[in-house]
Amino acid sequence: MFTQTALHSAWRALAIVLVSLLWLVQPTSAAAAVTDLLPGMKEAQGTESAEATSPRGDSGTTSEADPKEAQQAPPPEPSATPVQPVLEEEPEQPLQSDLPAAEHADIRQQIETLREALVQRQAALEASQRRLAQAQSLLERLDNEYRSFELRLETAGLNLTNDYARLLRQRLERLQSQTIADGLTEGISTQLSAAREEQLRLEEFEALSAPEDTDRGRLRQLRTEIIVQLHGVVTDHIDVLNDYYNTVVALRDRFAAYQELLQQRLFWLPSAERVSPAMASELYQGVSWLLSGLQWPELSKAVRASFAERGGWILLILVILAVLLMRRRTLRNVVINTGDDVGNVGNDRMALTLTAASLSFLLALPWVLALSAVALLLKEGNSLFAALSSGFTGAAFVTLLLRTLHSVARPEGLGERHFHWQTATLAAIRHQMPLLLAVLTPIVIILPTMETPEGADYSNSLGRFLFLVASGALAWFAYRVMSAVSLANPSSRFLQGARIVTVVIPLMLAIASLWGYHYTAVQLEGLLFLSGCWLAAVMMMYYLALRALSVRERRLTLKRLREQRAAERKLAETRETAEHSGEGMPVALDMPEMDLKDISQQSKALVRIVAFVLAASVLWVFWADVVPALQVFDSVTLWTIAGAEGEEALPITLGDLMLALLFGIGTILAARNLPGTLEVMFLSRMNLEPGAGYAITTLVTYVIVFAGIMAALAVIGLQWSKLQWLVAALGVGLGFGLQEIVANFVSGIILLFERPIRVGDTVTINGITGTVARIRIRATTLVDWDRKEQIIPNKTFVTQDLTNWTLTDPITRVIIRVSVAYGSDVDQVRDLLQEVAENNERVVDDPAPAVFCVGLGDSSVNFEVRVFVRDLLDFMPLSHELHSAITRTLRDANVEIPYPQRDIHIRTAPMPWGVPGAKTEGSS
């Protein structure tokens, strides 16, 4: 199942996953990570290609042939002298001439320096021209070989022999091991930058060295000629480097296309003869050869050499192994104890699950470390022991994957107590995993020996037999585990179909290997195994995310229940106060918070989407180079986008259109489901005021929609540079036609973040006083004291004067004016009023109430009682209570509250004399 190529694919897959994670954290380290992870693979491929036999055949030239003759012609053979795509790397340091300063340096020194720079630049130009000629010749030969090879394959179709397929495989291995240097294009770019800088310096140097009316005119003329000549050589060098860069890029593209063509054709060609009874003797010979190679002297020599080379690492691995074995029982108990508080809202923590996951991984390490130590001990042996070392490395990789899954399935472990997986499934994994490892581990160790020159003769017998055994073990494991999964839901057609597929595929690959398609079967089974392991890893991450969400949701639910009870008590008190004050109050305030059910559904939906995208993207990377059907989308061009001046047109393929659709769908799903996840994972952890979380999720939704639309448009060729005029025109249209709506929209965002008003605040604006019931993007709703709902545009709150009675402090001052008659004891009245204010329960102690004599009226002495009330709704009840208490207190103290005093003078008109009772003047 795991040949050397399959193991390379395995390490490559692991590298892809690790580099993807590194790219999220530090993109600049991704390339270094790839280089560090894959050196052994490149060395192994180079060794195999060096040991491969040279193919024989035609010269690789393109020739025209009659179609009828082509159909009857024998299968083509590869070229006898294939192209070796090896190019010389650029010098590490770019050429930089040391030009003197034109104003200060001696003219003779300038001429000498310029001549040296000219000689160096001419030498660099000749070297670049030589490299360019080599690259152009190599590109031409590679193009000819590629076209000839493609024509021969199209002519032959699938009528190819096993030997031809073997030669194709050798050529593919050679191409994979002989790649163009990665730093070549970077070196050329560095040379170009240095040459352009020198060209600019020469132009400035020439401009500053103007002729002078002196006797040194000839020297200046000579200097000018050398500068012009050097400038011309630098310009020629820039042109050559540009051509060299373009040639290397074209060569690399053709080289990748050549490998792709070989991979696509090799995958569907038989690589061995069909199994026959005669292969039994070859199988026996292969076993005998393997056992005969395991000689103690050679083994001892390999161990001594390897220990001398890597003794420190081997001892470190053994020490870690010993520590893990001694602490194994303790680690198991800790894993079990972490599940005791799962589900307990007060004590449950995500840290418990992370601890259990980490310890489960540590429990899987002893077998991995033991195999790794053996791999290091055999690494410096002969070809057989070096192959076994590679096999032990592959076995360590497989064991790491499978043992980790076995640790997760332990009784009362991570899968049972934290993830609540089915007990029958976990039991099946526990019982079948040791058997699977017992079969796969020795097979993975032995298979690399089939890649050695001595073991290549037994690859189709012993190697195929081991592959058949591994396929049978995988089919049995899939059958037992999927049967246990299906027991929990026997009516699920999907699970029934999945059980059939997972069992039949290994058996079908085994039959394909028996039929002669051994290479195809090995590659497919290796990729299927890696795909299954990746899906299992994604499933682990998915359940870890669900676990984190469940912990946060339970805590958020408890917090919301407490807040809801407090809000209900507060609302009841407010209603009671409103009833006593005769004011209207809203039945309930529309607090902009999400429903807990919506939060749960949205967060889980987003986790499922992320898991699906992560699994699908990596699986696409695994299978894109193997299955040609996955690449058909990039070969269908829908339209082209004209590039800038001097640039080629950009083709938009069916794959680009599908990617744009995926961006659109992903944007919609993210905009719908992200608010719930933000609420659970981040906003609930912050001490935010009501409405702040709503504002954050609203803006994040807008950003996601905008970014998704721009990404989808960019994929299909509509870049921002081509859309900015449309956006500008749209902005002008909005400015004239929808300016009020846009103004209210922006004002709503300002209100949500600046928060001059909040839900529940009592505000006064434009003569309207009421309670803020809801804040939306366009308008805000106020409920006044008559219980009428006032819909006020958000722009009004931003641009006009606003009184917020409860923004930072709901306490409000109330002033009661009292008048007493002249002659009353002022100090006594003040003490009485102070006592009345302090005895009222609605009056707050801080700020304390105060009483002042504020004036002497026409008929009374005037006092003011200044008190502060907790809530604006207590204003009228407090005024009533204070007036009643003051009246009663002053009456009991015999303090008169006077009526207004007026002097009335009555004048009557004069009466005629003789009228009885007439008076001339009266007063009262």
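The shown structure was predicted, so the numbers you read here are calculated from the model rather than taken from an experiment.

> I'm lost on the overall build of the protein chain in this one. Help?
Secondary structure summary: the protein chain contains 27 helices and 10 strands in total. In the structure as shown, the protein chain presents an accessible area of about 51,000 Å², 59% of it carried by carbon and sulfur atoms.

> Whenever I open this one, a negative patch on the surface confuses me. Can you help?
A contiguous patch of negative charge on the surface is contributed by Glu-835, Glu-838, Asp-845 and Asp-846. Relative to the helices and strands, Glu-838 is located in helix H26 (residues 826-839).

> How should I be thinking about the sheet that holds strand S8 (residues 812-820) in this particular structure?
The strands making up a sheet are joined through hydrogen bonds of the backbone, oriented either antiparallel or parallel. Pairing in this open sheet of 3 strands is antiparallel, and the strands run S8-S10-S9 from one edge to the other. Strands at the two margins of the open sheet, each flanked by one partner only, are S8 and strand S9 (850-856). Looking at each pair of strands side by side, their axes are set apart by 25 degrees on average, direction ignored. Lying over the sheet, H26 contacts S8, S9 and strand S10 (861-869), oriented at roughly 20 degrees with respect to S10.

> What is the right way to look at the pairing of S10 in this model?
Successive residues of a regular strand alternate their side chains across the two faces of the sheet. Pairing analysis gives 9 bridges linking S8 to S10, with the strands arranged antiparallel. Bridge pairing in S10 links Val-820 to Val-861. Between the end of S9 and the start of S10, which pair antiparallel, lie 4 residues.

> Can you walk me through the packing of aromatic side chains in this structure?
To describe a pair of aromatic rings, one takes the distance between the centres and the angle between the planes. Counting across every chain of the model gives 6 aromatic pairs. Seen in terms of ring centroids, Phe-419 and Tyr-543 are 5.7 Å apart; in terms of plane orientation they differ by 35 degrees. Their pairing is tilted. You can see Phe-419 sitting in the loop between helix H15 (414-418) and helix H16 (423-446) and its partner Tyr-543 sitting in helix H19 (residues 518-581), a full 124 residues away along the chain. Residue classification places Phe-419 among the buried positions, given a relative accessible area of 6%. Aromatic side chains Tyr-542 and Tyr-543 sit 5.5 Å apart centroid to centroid with 80 degrees between the ring planes, which places their arrangement in the edge-to-face category. For Tyr-542, a relative accessible area of 18% corresponds to the buried category. Here the aromatic residues Phe-419, Trp-421, Tyr-542 and Tyr-543 are joined through ring pairs into a cluster of three or more.

> Is there a simple way to explain a nonpolar patch on the surface in this structure?
Together, Tyr-702, Leu-738, Ile-741, Val-742, Phe-745, Val-746, Ile-750 and Val-798 line one region of the surface with nonpolar side chains, adding up to about 600 Å² of accessible area. No other element matches helix H24 (residues 739-754), which puts 5 residues into the nonpolar patch. Positionally, Ile-750 belongs in helix H24.

> Sorry, what's going on with the pattern of salt bridges here?
Two side chains with opposite charge may pair up if their charged atoms get near one another. The full count for this structure, using the stated rule, is 8 salt bridges. For Arg-310, the salt bridge is made with Glu-380, and the minimal N-O distance between the two is 2.6 Å. Of the two residues, Arg-310 sits in helix H10 (residues 296-326) while Glu-380 sits in the loop between helix H13 (365-377) and helix H14 (383-408), which places them 70 residues apart along the sequence. A salt bridge links Lys-788 to Asp-784, with the shortest nitrogen-to-oxygen separation between them at 3.2 Å. Ionic contacts of the salt-bridge type, sharing partners, join the residues Asp-340, Glu-412 and Arg-417 into one network.

> How do you make sense of the environment of Leu-527 when you look at a structure like this?
Of note, Leu-527 is situated in helix H19. Exposure remark for Leu-527: the relative accessible area of 8% places this residue in the buried category. Sequence-wise, Leu-527 and Phe-622 are 95 residues apart; in three dimensions their C-alpha atoms are separated by 7.0 Å.

> I tried to follow the nonpolar core on my own but got confused; where do I start?
Note that soluble globular proteins tend to have their nonpolar side chains buried in a common cluster. In terms of nonpolar packing, the biggest core is built from 61 residues, with Leu-402, Met-433, Leu-436, Leu-440 and Phe-529 touching the most fellow members. By residue number, the principal contributor to this core is H16, which donates 10 residues. If sequence neighbours within four positions are ignored, Leu-402 has contacts with Met-433, Leu-436, Leu-437, Leu-440 and Phe-529. Counting residues in each nonpolar core, the second largest holds 24 residues, with Ile-107, Leu-184, Ile-188 and Val-233 among its members.

> Could you clarify how one ought to interpret the confidence of the model for the protein chain in this entry?
Regions with low pLDDT carry predicted coordinates that are not meant to be interpreted in detail. Counting all residues, the mean pLDDT for the protein chain is 75, and 71% of those residues have values of 70 or more. Across residues 589-594 the pLDDT falls below 50, and counting only partners more than four positions away or on other chains, this stretch makes 20 contacts in the model. Segment residues 918-924 is flagged for pLDDT under 50; beyond a separation of four residues in sequence, or across chains, it makes 3 contacts in the model.

> Any chance you could explain the sheet that holds strand S7 (residues 803-804) here in plain terms?
The 5 strands are arranged S6-S5-S4-S3-S7 in an open sheet whose pairing can be described as antiparallel. Both outer strands of the open sheet, strand S6 (789-793) and S7, are each paired with one neighbouring strand and no more. Pairing between strand S3 (residues 762-765) and strand S4 (residues 768-775): 4 bridges, direction antiparallel. Pairing of Thr-762 across the sheet is with Thr-771, part of S4.

Reading the values: the criteria
- Residues numbered from 1 in each chain as written.
- Predicted model: local features only at pLDDT ≥ 70, side-chain atom pairs only at ≥ 80, totals over all residues.
- Heavy atoms only, no water.
- Helix = DSSP H or I, 4+ residues; strand = E, 2+ residues; numbered from the N terminus.
- Areas by Shrake-Rupley, 256 points an atom, 1.4 Å probe, with all protein chains shown as cover.
- Patch = residues over 30% accessible without salt bridge, like charges linked within 9 Å, V, L, I, M, F, W, Y side chains within 5 Å.
- Salt bridge = Lys/Arg side-chain N within 4 Å of Asp/Glu carboxyl O.
- Lys, Arg positive; Asp, Glu negative; His and termini not counted.
- Charge placed at Lys NZ, Arg CZ, Asp CG, Glu CD.
- Pairing = 2+ DSSP bridges.
- Axes fitted to C-alpha atoms, helices over the stretch in contact; angles between N-to-C directions.
- Contact = heavy atoms within 4.5 Å.
- Phe/Tyr/Trp six-rings, centres within 6.5 Å; stacked < 30°, edge-to-face > 60°.
- Buried < 20%, exposed > 50% of the residue type's maximum accessible area, 1.4 Å probe, protein only.
- Core = buried A, V, L, I, M, F, W, Y, C linked by side-chain atoms within 4.5 Å.
- pLDDT = per-residue confidence, 0-100.

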